[in-house]
Amino acid sequence: MRLPPFAYERPRDLYEALELLNTFGKDCRVLAGGTDLLVRMKQGLATPSRLISLKDLPELATINESDGFLNIGTAVKLADILAYEPIQYRWPGLLEAVKSVGAPSIQHFSGTIGGNLCQDNRCQFYNQSKFFRQARQTCNKAGGNTCFAWKGGSDKCHSICQSDSAPILIAMDARITIKSKNESRTIPLEELYSSVGERPLTLADDEMLTEIHVPGPVPGAGCAFEKLTYRSSIDYAVVSAGAYVQTDGSKTVNARLIIGAVARGPLAIAAVEKTLKDRTAGDEEAIDQAGREAMNAAEAFIANNITQPVEYRTQMVSVITKRALSRATKRALSHTDVSEAK
Amino acid sequence: MQTVLYVTDDQERKGNKEIMEEFTVIGKRISKVDAVDKATGRALYIQDFKLPGMLYGKILYSKYPHARIIRVNTEKAKALPGVITVLTGEDIPPVRLGVYKDNPPLKAGKVRSYRDEVAAVAATDLETAREAINLIEVTYEAVPAIFDPEEALKPEAPLVHENHKTNLLKMPWNLHYGDVEAAKIEAAFNVEERFSTTWVTHCCMGTSGAIADFDHADNLTVYTNTQIPSLAQKDFQETLKVLGFKDKRVRVIKPCIGGGFGSKLDTYAYEHVAILLAWRSRRPVKIVFEREEEFCATSPRQPTVTYISMGCDKEGKLLYRDMSMVLDNGAYTSWGATTPSVMMMPITSLYRVPNVRYNAKCVYTNNTYSQAMRGYGNPQATFAIESAMDMLAEAAGIDRVEFRRINSNQPGDVTPQGLKITTCGLPECIEAVSRDLEFGRPREKGVGVGLASLIHVGGGARIYKSDGCGTIIKMDDYGKVDVFTGASDMGQGADTIIAQIVAEELGVKVEDVHVFHQDTDICPWDVGAHASRTTFVAGNSALGAARKIRHRLLNMASETTGIDEDKLTLKNRAFFADGKQVLPIGKLLRGSHFKPRGEMMMADNFYDPPNENMGRDFSGNMSATYSFGTHGVRVKVDEATGKVEILDYIAAHDVGRAINPMLLDGQVHGGVLMGVGYALTEQVILENGRNMNPDFRDYKILTAMDAIHSKAVVIETVDEQGPFGAKGIGEPGCVPTAPAIANAIYDAIGVRIKDLPITPEKVLAAIKKKNGAVSCGIDAFTQKEQPCE
Amino acid sequence: MSREIKLMLNGNQIFVAIEDNWTLLYLLREKLGLTGVKEGCGQGECGACTVIVDGLAVNSCIYFAVEVDGKDVLTIEGLAAADGTLHPLQKSFVENGGIQCGFCTPGMILSAKALLDENPQATEADIKQALAGNLCRCTGYVQIVESVEAVVDKSSEDINVVVRETGESG
Ligand SMILES: Cc1cc2nc3c(=O)[nH]c(=O)nc-3n(C[C@H](O)[C@H](O)[C@H](O)COP(=O)(O)OP(=O)(O)OC[C@H]3O[C@@H](n4cnc5c(N)ncnc54)[C@H](O)[C@@H]3O)c2cc1C
């Protein structure tokens, strides 16, 4: 299938890319691996008149560690992250998340980490062909004013953020660098997400993501990513969770839990930290309670936006939360000395 | 009759010497004859064909599940540069498709499902055709629609076809053998239950497509993906007749097919639309489906609601089986409506059961219309029967394996429906599974085992008046063999099996045999690739033709060499006497061509198996032999998420003889994984008739990472009727999978899921219900209470 | 916009005029006649269109043609040797029942090749992982995985053979 015409730009350096963004603003889109964008263009969901390819920007495709951070360029391919050896023992949660994206031949060799974080929200009523959508009214996300995913309709868009890397990276307190022609800012990753279904990212039209900074593991901390799917590959998550747990060797001193694939953006469950703090690390009752809290918090967001029933997904938030927290805790307790951790 | 056991998995051969005779190609793991073309990308599928001057066709489908068409405005589409022809239902003569002739290729007046074809465009390129479709304006007036077949039977339900007066198809599938009511009184143990299955679709990797091309004299050539070239030819001929062309030729050319599984058992609107567009534009027209169309506009396996009751005596002998079914036919009628004819077979004849009653209703709804899919109804029926078998065994307090042993079919049985069981490896299949799966192994939490068996037609199936297939064989100057068969290959390897059979009989190598099956102008007649009949029927047909040639060859060789015919053997491309080569076949043939009053080597054969049409009471020996099998599975259930993992899988099949064990394994492994999808993950989600998951993200066929270690065990019973003893095996692999898995889940966690697919949410809801939870959740789509159990 | 790109295609350098909005699949199939590249879904879900770009298996249906400018592209048509000798993977798929209807075969073989080039000693789990984006409806994947495994085995045997030969001559 051919796509509607657009201009293709292949800037030679970041400055040129940012200049193009500055000039053409909202009519253009950044093209990374294209594994999300092309499908949307084919379905008529994205109709940019200009694409700015990141393929020739080696400065965005490097991984390095400095000042206690793992710095990943936005255009780093998922496969390159998997191949970066230290991630296996230092950031295993990130490994789990990246590995779970789609299927290798589809996503890992073309798809990028930046594209994964910046992919638009999804919904079973929206991510369909033009023909499919034509038979209904235009929904909020497509510029209309109704929502099929919300029982009884809604004036908000209830699409979901399906990025698998977002929950774990936010749980690990990752920061991102965003650049425009005139400005550069580094912010917590969670601030990238607006929680507005119609426009889920806070990026301005002339801005792009350039780098992700993941803090190195500290002694006594561990992270884990859990993703529930019906098949072993290709599937987007039914529910996902990124967990970060820090212990002093016996008690939990800090915990973060981010639920993915249920809400308009990654969903931070604030209550979990309070619940786990100062409790014995791995205490089952505490983790159970955290699971319930996550479920209760998520419940208000879960819409009929994927093919699995709302009720089931709600229940699964608790299960996936518990599994992610348990594994993160286990890792935390075995990683008391990071330099030796392997 | 001889029953000989040959279990290939442990390479142990038992029994009769006769079958130990040395074959050179039969029974060997021979590569598919088309494999190199496919491995090098040279094989041509419908997608790959282009004819000079060819136009691209596109179809506009309905926006409503049930509506009157008030107006169709095609002006803008016609004005688009590059558009050659636009057709609507009003522009075409009354062509009608399907078993009931209730389906026009383009609809006028009314649409009855989202899948209804409303208009079509032919343009010089695909993009233009696509754009033109979007420019057609249709005004509809929606009318009340009906989607639930049980609801559709109520008197107040809207009618899908007003002329038909009722939504119930007039196909009375009713049978009663013995006396079920009396047996119910007599039975010591009874079970009664409701089961349901859902829409699943074939998901051929190569999408559907056709090219229609008229010559100057209005003869028609159709290149199409079909499993039924000869019957398709007839359908297209009828369309020509309606167009006013009498006495014209129709030629059907079949490219490589990217998977069949029953989807290509009928001709469809798109093929006839291509013909109509070609007729109007006087140019070849190609229509190829996009994946979304493949999901929405091809005919899936239909859902069923089954009520079953079954009882046995104190010793565990089955006394009766009583089943009734409602089938969602959808808006039009294809072979899906006739699947009860095959469901009858397991219902009356899977295990010995003296009293049987069955009734099935096919019902029009405003859903997509149904087609047969691998097993032709058998998977739906077997799901209910084999689930109920476990329930009855439990009620009777008899071990599940033992219960099946007690009731197993045996060679020589004649079932209540009149099926004559000749060879029967079912007892051996049950043994193989129970031994291999270690049913008695100590229990682990959340882990369980289950088994289920199957019976299927293995020697053709007399659905039409004929169950025949023709073959022509000719040999050239060099001893090379051309086989023209009516059979269809859609990837399963029919051409390879036929080449092996012919090569074995003629003492040549498989690579000396070229099998033509792609062209009705060249190949003889056949009723189509269905009912796992190809190896048996087309194989026998080819074998018969090869025998004639062999006979003639020996005859001539004897004349030429002066050696007695019965002293000559034919192998390795030559005649042998006393272990020494006396004459190469090629030399003999050249001699016969280059001599006064020479002759050529050619033979034909039409084979129609010794099976019977069903009588008025549906009894009759529909197949010349029957295939049996038992599947066993060990599952692990994640009780927190409801996900089911398959740990071990064993599939034992009585195949008569494995002509090519490698292709046989392939049929079994492929059937099993398709069956696992049917059991656990696959489901066409229709929301008020609209397909909600027309893609591989949400229609979950299993991936390489979900592939299971299925172990295929082959039981060879060497059937007297089969070519070299073989029976059909195309479909059985996916028949007992779902009930085997459902039974294993019950064994693992004590909940029985009676509605397919067994998704995690259903398993979890059932666990909760068992543990005393009140609500089992609301189904997101139906907004109804989830069927907990 | 149209432009000319340069690429190595199946070992031959070619220059070809393309439009920016063409997918790689469209260029290969419709413009260059390489119909061994199959389109199964058009949305990056089935892997039938898999080709190898600079050593990596990618879905050509969601890859822009313009992005192969200056790159090396391998399709199934370029896999066998110039004299027609099949690549060991092709041979193995043929001999081990890895092919039924054949529609997924080109993509399947190329995904497997990309894997083995990277990791000649791939395990069964590696193979399943590498083929996870290539859907097949006929085989249940069993004989496909076996076909790839057979090549893995052979390459390790080959190494043994070489060692033995040097041992003898030395
Ligand atoms: C069959 C299939 C299955 C999939 N399964 C999953 C899955 O399980 N989990 C998952 O998370 N994803 C999944 N995806 C989506 C997608 O493939 C991955 O998220 C991938 O990582 C996206 O990366 P990309 O480089 O290809 O993104 P692209 O398609 O290039 O870009 C995606 C979006 O991000 C924007 N973008 C990219 N880079 C930047 C930047 N630096 N700054 C600003 N905006 C940017 C683009 O403009 C575009 O809107 C799936 C896709 C398919 C087709």
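Each chain has its residues counted from 1, following the order in which its sequence is written. Chain labels run from A onward and ligand labels from 1 onward, assigned in the order the entries are written. Given that the model is predicted, a residue must reach a pLDDT of at least 70 before its local features are reported, and side-chain atom pairs must reach 80 or more before they are shown or counted; all residues, however, enter totals for whole chains, interfaces and linings. Calculated side-chain values reflect all of the structure's heavy atoms, with hydrogen atoms and water omitted.

Trainee: Help me out: how do you make sense of the site of the ligand in this one?
Mentor: Residue and element names in this part refer to chain A. If even one non-hydrogen atom of a residue comes within 4 Å of a molecule or strand, that residue is called near it. The immediate surroundings of the ligand are formed by 35 residues, with V30, G33, G34, T35 and T112 found nearest. Contacts to the ligand include A32, whose backbone N or O atom sits 2.9 Å from an oxygen atom. Side-chain atoms alone can form a polar contact between residues adjacent in sequence; in general such a contact is a pair of N or O atoms within 3.5 Å, and within protein one must be able to donate a hydrogen while the other accepts it. A distance of 3.0 Å separates an oxygen atom of the ligand from a polar atom in the side chain of Q119. Only the protein chains shown count as cover for residues, and all accessible areas are computed by the Shrake-Rupley method using a 1.4 Å probe. For the ligand, whose unbound accessible area comes to 970 Å², protein coverage reaches 97%. Where the shell around the ligand is concerned, the elements lending two or more residues are β2 (28-31), α7 (113-118) and β8 (208-215). Broken down by element, the shell around the ligand gets its largest block of residues, four residues, from α7. Residues were grouped as follows: Ala, Val, Leu, Ile, Met, Phe, Trp, Tyr, Cys and Pro as nonpolar; Asp, Glu, Lys and Arg as charged; and all remaining residues, including Gly, as polar. Taken together, the residues that form the shell around the ligand break down as twelve nonpolar, 17 polar and six charged. Numbering of helices and strands starts at the N terminus; helices are DSSP runs of H or I of at least 4 residues and strands are runs of E of at least 2.

Trainee: Please clarify how unusual backbone geometry should be interpreted in this entry.
Mentor: Glycine aside, the phi torsion of most residues is negative, and most peptide linkages are trans. All names here are of chain B. Here L756 and P757 are connected by a cis peptide whose omega angle stands at -5°. Of note in this structure, K165 is not a glycine but carries a positive phi near 70°. Structurally, the position occupied by K165 is in the loop between α4 (149-152) and β9 (173-177). Buried residues are those whose accessible area, probed at 1.4 Å on protein chains only, stays under 20% of the maximum for their type, while exposed residues exceed 50% and partly exposed ones sit between those limits. Exposure remark for K165: the relative accessible area of 66% places this residue in the exposed category. With a phi close to 50°, E438 is a non-glycine residue in the positive phi region. Structurally, the position occupied by E438 is in the loop between α12 (426-437) and β18 (447-457).

Trainee: Where do I start with the sheet that holds strand β24 (residues 580-584) of chain B in this structure?
Mentor: Think of a sheet as strands paired side by side through backbone hydrogen bonds, with each pair either parallel or antiparallel. Residues and elements named next belong to chain B. By definition, two strands form a pair when at least two bridges between them are found by DSSP. An order of β22-β23-β24 is seen for the three strands of this open sheet, with the pairing classed as antiparallel. The two strands at the open ends of the sheet, each matched to only one other strand, are β22 (568-571) and β24. Sheet twist, expressed as the mean angle between neighbouring strand axes with direction ignored, is 35°. In terms of strand pairing, strand β23 (residues 574-577) meets β24 through four bridges, oriented antiparallel. Within the sheet, the bridge partner assigned to F576 lies in β24 and is Q581. Orientation is described by axes fitted as lines to C-alpha atoms, over the contacting stretch for helices, and by angles from 0 to 180 degrees between their N-to-C directions.

Trainee: I tried to follow the sheet that holds strand β3 (residues 50-53) of chain A on my own but got confused; where do I start?
Mentor: All names here are of chain A. Pairing in this open sheet of three strands is parallel, and the strands run β1-β3-β2 from one edge to the other. Edge strands, defined here as strands with exactly one partner in the open sheet, are β1 (7-9) and β2. On average, each strand axis in the sheet is tilted by 25° relative to the strand beside it, whichever way the strands run. Two strands pair when backbone bridges link them, and β1 and β3 are joined in this way by three bridges, in the parallel orientation. Among the inter-strand pairings, E9 is bridged to a residue of β3, identified as I52. When checking whether two residues touch, look at their non-hydrogen atoms; a contact exists if any pair is within 4.5 Å. The sheet strands contacting helix α1 (residues 14-24) are β1, β2 and β3, and the helix crosses β3 at an angle near 165°.

Trainee: Sorry if this is basic, but what is going on with the pairing of strand β13 (residues 250-253) of chain B here?
Mentor: Along any regular strand the residues' side chains alternate between the sheet's two faces. Residue and element names in this part refer to chain B. Pairing analysis gives four bridges linking strand β12 (residues 220-224) to β13, with the strands arranged parallel. Bridge pairing in β13 links V222 to V252. Following the chain from β12 across helix α6 (residues 229-242) to the adjacent parallel β13, one finds a crossover that is right-handed. By convention, orient the strands away from the viewer: a clockwise path from the first strand over the helix to the second makes the crossover right-handed.

Trainee: Looking at this structure, how should I read the confidence of the model for chain C?
Mentor: One rule of thumb: low pLDDT means the predicted coordinates there are not for detailed reading. Mean pLDDT over chain C works out to 91, with 89% of the residues at or above the 70 mark. Scoring the predicted complex yields pTM 0.95 and, for the interface, ipTM 0.95. By definition, pLDDT measures how confident the predictor is in each residue, and it falls between 0 and 100.

Trainee: Looking at this model, I keep getting lost on the environment of P760 of chain B. Mind explaining?
Mentor: Secondary-structure assignment places P760 of chain B in helix α18 (residues 760-770). Under the relative-accessibility criterion, P760 of chain B is labelled buried at 6%. The sequence separation of P760 of chain B and D638 of chain B amounts to 122 residues, and the corresponding C-alpha distance is 8.9 Å. In contact with P760 of chain B, other than residues within four places in its own chain, are Y230 and Y312 of chain A together with T641, G642 and K643 of chain B.

Trainee: I keep staring at the interface of chain C and chain B and nothing clicks. Help me out?
Mentor: Interface size, as often reported, equals the accessible area lost upon joining of the parts. Across the contact, 40 residues belong to chain C and 51 residues belong to chain B. Buried area, as used here, totals the accessible surface that two parts lose on assembly, with accessibility defined by a 1.4 Å probe and the loss added over both. The contact between chain C and chain B buries some 3700 Å² in all, and 59% of this surface belongs to carbon and sulfur atoms. For this analysis, a salt bridge means a side-chain nitrogen from Lys or Arg found within 4 Å of a carboxyl oxygen belonging to Asp or Glu. Its salt-bridge partner being R697 of chain B, residue E45 of chain C comes within 2.5 Å of it at the nearest N-O pair. Mapped onto the side of chain C that touches chain B, the elements with two or more residues apiece are α1 (24-31), α2 (88-95), α3 (105-118), α4 (124-130) and α5 (142-169) of chain C. The residue makeup of the side of chain C that touches chain B, split by class, is 17 nonpolar, 14 polar and nine charged.

Trainee: Help me understand the packing of aromatic side chains in this model?
Mentor: How two aromatic rings sit relative to each other is given by the distance of their centres and the angle of their planes. Working definition: a ring pair exists when centres of Phe, Tyr or Trp rings (six-membered ring for Trp) sit within 6.5 Å. Plane angles under 30 degrees give stacked, over 60 give edge-to-face, the rest tilted. Using the criterion set out here, one finds 21 aromatic pairs over all chains in the structure. Aromatic pair F131 of chain A and Y61 of chain B: ring centres 6.2 Å apart, planes at 65°, arrangement edge-to-face. Linking F131 of chain A in helix α8 (residues 130-134) with Y61 of chain B in strand β3 (residues 55-61), this pair reaches from one chain into another. Taking the relative accessible area as the measure of exposure, Y61 of chain B reaches 8% and is therefore buried. The side chain of K55 of chain A reaches across the aromatic face of Y63 of chain C, ending 4.7 Å from its centre. Seen from the ring of Y126 of chain A, K141 of chain A lies directly overhead, with NZ or CZ sitting 5.4 Å from the centre. Only lysine NZ and arginine CZ atoms are considered, and such an atom sits over a ring when it is within 6 Å of the ring centre and within 35 degrees of the ring normal.

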